[in-house]
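# Overview (structure and organization)
Okay, here's what each chain looks like letter by letter:
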Amino acid sequence: MTTLPVRVAAPPAGPALPGARGELSAAVIAALRGARRPLPRDLSGADPWGADLQLALYLLYELHYRGFADVDDRYEWDPELLRLRAAAEDRFLTALRREVTPGDDVGGTLAELLLEPVTDDGNSISHYLHRQGTWWQVREYTVLRSPYHLKEADPHVWVVPRLRGRAKAAMVAIEYDEYGAGRAEAVHAELFAALMRDLGLDSGYGRYLDAAPAPALATVNLMSLLGLHRSLRGALVGHFAAVEVTSSPGSRRMAAALRRLGAGPAAVRFHDEHVEADAVHEQVVRHEVVGGLLEDEPGLAADVVFGIRATSHLEERLARWTLAAWRAGRSALCRPLEASPDR
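Residues numbered from 1 in each chain as written. Predicted model: local features only at pLDDT ≥ 70, side-chain atom pairs only at ≥ 80, totals over all residues. Heavy atoms only, no water.

## Focus on the overall build of the protein chain
Let me state the cut-off plainly: In this text, helices come from DSSP runs of H or I with a minimum length of four residues, and strands from runs of E with a minimum of two, each type numbered from the N-terminal end. C-alpha atoms define the radius of gyration in this analysis, and the globule rule sets the expected value at 2.2 Å times the number of residues to the power 0.38. The classification of residues rests on relative accessible area computed with a 1.4 Å probe and restricted to protein chains. Under 20% of the type maximum is buried, over 50% is exposed, and intermediate values are partly exposed.
Each helix and strand counted, the protein chain has 13 helices and 0 strands in total. Moving toward the C terminus, one meets the helices and strands of the protein chain in the order α-α-α-α-α-α-α-α-α-α-α-α-α. Against the compact-globule benchmark of 20 Å for 343 residues, the protein chain has a radius of gyration of 20 Å, which places it among compact chains. Taking the principal axes of its C-alpha atoms as reference, the protein chain extends roughly 55 × 55 × 40 Å. Counting every position in the protein chain, which comprises 343 residues, the buried fraction comes to 55%.

The structure is reproduced here in structure tokens:
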């Protein structure tokens with residue numbers, strides 16, 4: 001990889017690098033620490049769902065967000081790291097396309113998301129936590145979602161310059177709400193950080209990266225993958241639609257679970273905010289963002305459907321992983337949490 005000239009180190013701008021999960025992520029971490037050795041070139045044997053590839057991809061994407069402490073910001077555009085990222089992306093995207101059913105019926109696909117099952121099918125984390133979740137499971141689920149929610153809305157901003165007209169105006173309106181409507185304390189990522197503190201967790205950005213299993217990393221990597229590629233703008237809009245359409249019912253159950261367990265007001269507020277806001281956003285995203293995009297570019301219908309279904313697929317993988325662990329009486333995290341001091 002490129003050897004960068006030495007410069008005076010800036011104050012830490014991001015979290016510490018995590019531990020490796022295999023040879024690929026170890027190579028990325030070594031490169032970010034300045035090791036002068038060749039990066040892997042052939043990823044044909046890498047498991048696209050495995051923790052090693054998912055962590056490597058997460059690390060490479062994070063260079064486009066806040067980066068890592070003591071890692072030179074210029075690595076964001078290092079040609080060798082970008083080449084490796086492209087190879088890892090190809091493995092991930094190919095696996096997604098292989099497992100996600102294709103289609104181009106956007107309206108029908110969105111309608112499926114709006115249909116809440118009459119009863120819990122046993123595969124919903126929010127139903128489980130609402131009905132029988134314990135304090136330690138709520139805390140674990142919060143940690144599982146922290147890589148996602150502490151950068152909530154950020155990957156979706158990348159689509160704004162790739163839209164026009166109705167779609168762009170509506171997308172910016174929703175993002176304005178996500179970023180607190182001009183109030184720093186109401187930014188949704190900040191509300192999630194407050195939720196974490198209320199549950200006795202460390203709200204530092206990237207604090208629990210070492211604890212995140214591959215299915216949790218994959219949900220965040222999907223956002224970054226779609227956001228960083230203009231060719232996948234339709235899929236990113238589909239991802240955004242899937243999140244907004246499904247958020248309100250799940251948030252209502254999560255708020256009820258937290259109240260049942262005696263969580264504080266900051267924890268409950270995050271989910272209450274999403275019950276109200278996303279009920280409105282769901283209408284706007286369907287009719288204006290998706291509708292406006294397809295009015296301008298009807299050829300992107302299949303991409304929108306892919307984004308919706310890929311999102312659902314990865315959420316289902318995470319739910320299966322988490323619920324299987326909890327039902328077996330074990331942690332769903334790679335590194336179990338210490339007990340909350342007041343529980």
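## Notes on the domain arrangement of the protein chain
Interface size is commonly expressed as the accessible area that is lost once the parts come together. Inclusion rule: Where each domain starts and ends comes from a domain assignment, either automatic or drawn from a database. Contacts between residues were defined by any pair of non-hydrogen atoms, one from each residue, lying within 4.5 Å. Buried area: the sum, over both parts, of the accessible surface (1.4 Å probe) that disappears when the two are put together. When a carboxyl oxygen of Asp or Glu is within 4 Å of a side-chain nitrogen of Lys or Arg, the pair counts as a salt bridge.
You can read the domains of the protein chain as domain 1 (23–99) and domain 2 (106–328). Each of domain 1 and domain 2 was reduced to a C-alpha centroid, and the two centroids are 24 Å apart. Taken together, the contact between domain 1 and domain 2 spans 21 residues of the former and 24 residues of the latter. Buried area between domain 1 and domain 2, summed over both chains or domains, comes out near 2100 Å², and the portion from carbon and sulfur atoms is 68%. One can count 1 salt bridge joining domain 1 with domain 2.

## Observations regarding the confidence of the model for the protein chain
The following threshold applies: In predicted models, pLDDT denotes the confidence assigned by the predictor to each residue on a 0 to 100 scale.
With 93% of its residues at a pLDDT of at least 70, the protein chain reaches an overall mean of 92. Per-residue pLDDT stays below 50 along residues 5–12; that stretch engages in 5 contacts with residues further than four places along the chain or on separate chains.

## Brief notes about the packing of aromatic side chains
Heads up, the condition is: Pairs were defined over the aromatic rings of Phe, Tyr and Trp, the Trp ring being its six-membered one, requiring ring centres within 6.5 Å. Orientation was assigned from the angle between planes: stacked under 30 degrees, edge-to-face over 60, tilted for the rest. Throughout this description, the term charge over a ring refers to an Arg CZ or Lys NZ atom that lies within 6 Å of the ring centre and within 35 degrees of the ring normal.
For the structure shown, the criterion picks out 5 aromatic pairs. Seen from their ring centres, Tyr128 and Trp326 are 5.6 Å apart, and the 35° between their planes marks the pair as tilted. Residue Tyr128 is located in helix H5 (residues 125–132), and its partner Trp326 is located in helix H13 (residues 301–327); the two are separated by 198 residues in the primary sequence. Neither Tyr128 nor Trp326 differs from the other in exposure class; each is buried. With 5.1 Å between their ring centres and 75° between their planes, Phe192 and Phe270 make a pair best called edge-to-face. Of this pair, Phe192 sits in helix H9 (residues 188–198) while Phe270 sits in helix H12 (residues 265–296), placing them 78 residues apart in sequence. For Phe192, a relative accessible area of 3% corresponds to the buried category. Linked through ring pairs, Tyr128, Trp136 and Trp326 together constitute an aromatic cluster. Note that Arg66 overlies the ring of Tyr205, its terminal NZ or CZ placed 3.9 Å from the centroid. Across from the ring centre of Tyr208, 4.9 Å away, lies the NZ or CZ of Arg207, which sits over that ring.

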